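Examination of the molecular architecture
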Amino acid sequence: MEEEVPRVELTPQAAELVRRLHAEHGPLMFHQSGGCCDGSAPMCYPDGEFRTGGSDVLLAELAVEGVAEPVTFWMSRSQYQAWSHTRLIVDVVPGRGSGFSLEAPEGVRFLTRSRVVDA
């Protein structure tokens, strides 16, 4: 049986930050909308704080050790069309993004890296 490659994964550093943010804010979600600059970075919100709809795709329900409920990862449908052939790897880098993502006060920001997957 062939193992399915996850569409989205967290680096160990991103998972640790998710645990800290969860401890402070409760259940979480990610949304990546696309666009330029910080618009292409994954934004982390309290679960349900960002309203998703028909123009969004649920890519993953991430299981994070130490977090009771899955962390959903959404992407705008138009962005998904461009990234559908990749595996998304959510990482953390120093610096502050300009969005409303929960990690902004921490002096770091989430960043999506990608790896092409076989069709």
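Residues numbered from 1 in each chain as written. Predicted model: local features only at pLDDT ≥ 70, side-chain atom pairs only at ≥ 80, totals over all residues. Heavy atoms only, no water.

1. Notes on helix 1 (residues 12–25)
With 14 residues, helix 1 should cover 20 Å at 1.5 Å per step; its first-to-last C-alpha distance of 20 Å lies within 8% of that length. Among the residues of helix 1, Ala14, Ala15, Leu17, Val18, Leu21 and His22 are the ones counted as buried. Seen along its axis, helix 1 keeps its buried residues to an arc of 160°; they face one direction. Away from its buried face, by an angle of more than 90 degrees, helix 1 presents the exposed residues Pro12, Gln13, Ala23 and Glu24. Looking at the packing, one finds that the buried side of helix 1 touches strand 1 (8–10), strand 2 (28–32), strand 3 (43–46), strand 5 (71–76), strand 6 (86–94) and strand 7 (108–116). Backbone geometry just downstream of helix 1 places Gly26 in the positive-phi region, at approximately 85°. (Helix = DSSP H or I, 4+ residues; strand = E, 2+ residues; numbered from the N terminus. Expected span 1.5 Å × (residues − 1). Buried < 20%, exposed > 50% of the residue type's maximum accessible area, 1.4 Å probe, protein only. Arc of directions from axis to C-beta. Contact = heavy atoms within 4.5 Å.)

2. Some points on the sheet that holds strand 7
One open sheet accounts for three strands, arranged 1-6-7; its pairing is mixed. Looking at which strands have only one partner, the edges of the open sheet turn out to be strand 1 and strand 7. The average undirected angle you get between the axes of adjacent strands in this sheet is 30°. Where strand 1 lies against strand 6, three bridges are found, and the strand directions are parallel. (Pairing = 2+ DSSP bridges. Axes fitted to C-alpha atoms, helices over the stretch in contact; angles between N-to-C directions.)

3. So, the side chain of Asp56
Examined against the element boundaries, Asp56 turns out to sit in strand 4 (residues 56–62). Looking at Asp56, its side chain comes within polar contact range of the main-chain nitrogen of Gly53, at 3.0 Å. Residues within four places of Asp56 in sequence aside, it is in contact with His31, Arg51, Trp74, Met75, Ser76 and Arg77. (Polar contact = N/O pair within 3.5 Å; in protein donor to acceptor, adjacent residues only side chain to side chain.)

4. Focus: the environment of Val8
Here Val8 lies in strand 1. In the structure, Val8 is positioned 54 residues away from Leu62 in sequence and 7.7 Å away in space, judged by C-alpha atoms. Excluding its chain neighbours within four sequence positions, the residues that come into contact with Val8 are Leu59, Ala60, Leu62, Phe73, Leu88 and Val90.

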